[in-house]
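Working through the structure, step by step
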Amino acid sequence: MESPVRKYLHQLFNDTTAMDGGDLADYIPELAKADPEVFSIALTTIDGRTYSVGDDEREFTIQSISKPFAYASALTDRGLEAISAKVGVEPTGEAFNELSLEKGTNRPKNPMINAGAITIHSMLAEPDSSLEDRANHTVEFFSRLAGRKLEMDESVFRSELETADRNFALAHMLRNLGVFEEHAHQVVAGYVAQCAIKVNVRDLAVMGATLANRGMHPFTGERVASRDVARQVLAVMVSAGMYDASGTWFSDVGIPAKSGVSGGILGVLPGQVGIGVFSPRLDPKGNSVRGVNVFNKLSQDMGLHLLNAG
Ligand code: GLN
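Residues numbered from 1 in each chain as written. Predicted model: local features only at pLDDT ≥ 70, side-chain atom pairs only at ≥ 80, totals over all residues.

Quick notes on the domain arrangement of the protein chain
Here the protein chain is partitioned into domain 1 (4–63 + 197–301) and domain 2 (64–194). Each of domain 1 and domain 2 has a C-alpha centre, and these two points are 21 Å apart. Each partner contributes to the interface: domain 1 provides 41 residues, whereas domain 2 provides 37 residues. Elements represented by at least two residues in the side of domain 1 that touches domain 2 include exactly β4 (198–199), α9 (201–212), α10 (227–240), β5 (257–259) and β6 (264–269). Per-element accounting of the side of domain 1 that touches domain 2 gives the leading share, eight residues, to α10. Partitioned by chemical class, the residues of the side of domain 1 that touches domain 2 number 22 nonpolar, 13 polar and six charged. (Domains from an automatic or database assignment. Contact = placed C-beta atoms within 7 Å. Helix = DSSP H or I, 4+ residues; strand = E, 2+ residues; numbered from the N terminus. Nonpolar A, V, L, I, M, F, W, Y, C, P; charged D, E, K, R; others polar.)

Next comes the structure, spelled out in structure tokens:
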């Protein structure tokens, strides 16, 4: 017999499938080739049960949803103080690819915008690591979060790298301002590799459940990140995870989240579940149209808004 959770997810899936608004991202040429109809939803509870519907095995590149996980990795390796010296935690209200630096310190305002994420990438693995070392370190950390071996999509990686002028420009500015010392091309190539790691919607839910479970993996039992790191990552997802729609998102949905340009959205409800949704058509703010709808409904139907508590 179908479990009540799966039954509910099927209903939600069927109610949302008809939504066909929004557009595929096309500034990375390879992403414009995505099938716009693909749609999937997954939930993983902190005791390790996953429920999913739709095309739940279809892989897509993680893109900006890599940012909270890369932040977790850098915090784990270098500690909050060292990371906070380089990247702040304030929302910007600006698009994800703006330079958005704090006046006075020149720190990128937060790790969820590209300027912050490129800087965080420069701090992954050991200081002086090569491009390959950083990329491998990232895939390895993400694989531990997912509980299975993840890989990079070579064609999306190459496609983005060929058209990454804006990210190169950001990296050159950051280096020029002394935010990092590493070679700008190497850091952008590593960051683009990080964005090209392939996941499916079940991986997103499991990775989210690891954060929801305060850094402890819900089925491998491994402590992937500390409680403090998990909390720090979620705090930044609340204030800056949904680009310049983060305020509206938190007031409507109330679930710490991060979206990506390939059409994924990750949600994390502390102490409860990780949620993944994938559907590639995006609204003007760059968030998946069906994904936003799914989260709004889930939050309302199940009373998941974080500020409902108590
Ligand atoms: N790799 C993409 C970029 O840097 C990620 C952006 C996103 O998902 N919003 O432009």
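Having seen it, we continue.
Comments concerning the packing of helix α4 (residues 114–122) against helix α7 (residues 165–176)
Close contact between α4 and α7 brings their axes to 10 Å; oriented N to C, the two are set at 65°. For the element pair α4 / α7, the angle class is roughly perpendicular. Viewed along their axes, α4 and α7 form a crossing whose handedness is right-handed. Residues N114, A115, I118 and T119 of α4 form the contact with α7, whose own contacting residues are N167, L170, A171 and L174. Considering only residue class, the contact of α4 with α7 consists of five nonpolar, three polar and no charged. (Axes fitted to C-alpha atoms, helices over the stretch in contact; angles between N-to-C directions. Parallel < 35°, antiparallel > 145°, perpendicular 65-115°, else oblique. Left-handed = near helix turned anticlockwise from the far one by under 90°.)

Digging into the site of the ligand
Every residue lining the ligand is accounted for by Q63, S64, F96, N114, E160, N167, C195, G260, V261 and G286. Each residue belonging to the shell around the ligand can be placed in one class, and the counts come to three nonpolar, six polar and one charged. (Near = placed C-beta within 6 Å.)

Quick word on the UniProt feature "binding site: substrate" (unreviewed entry) in the protein chain
The UniProt entry lists S64, N114, E160, N167, Y191, Y243 and V261 under the feature "binding site: substrate" (unreviewed entry), expressed in the numbering used here. Among the secondary structure elements, Y191 is positioned in helix α8 (residues 184–195). Excluding its chain neighbours within four sequence positions, the residues that come into contact with Y191 are A117, I118, H121 and N167. We classify V261 as buried; it has 25 C-beta atoms within 10 Å. (UniProt positions renumbered as here; feature names shortened; annotations may be inferred. Buried ≥ 20, exposed ≤ 12 C-beta atoms within 10 Å, placed from the backbone.)

Quick notes on unusual backbone geometry
Of note, the phi angle at R214 is positive, near 55°, even though the residue is not glycine. Relative to the helices and strands, R214 is located in the loop between α9 and α10. Residue classification places R214 among the partly exposed positions, given that 18 C-beta atoms sit within 10 Å. A positive phi is found at Y243, a non-glycine position, where the angle reads about 55°. Along the chain, Y243 falls in the loop between α10 and α11 (246–252). For Y243, a count of 23 C-beta atoms within 10 Å translates into the label buried.

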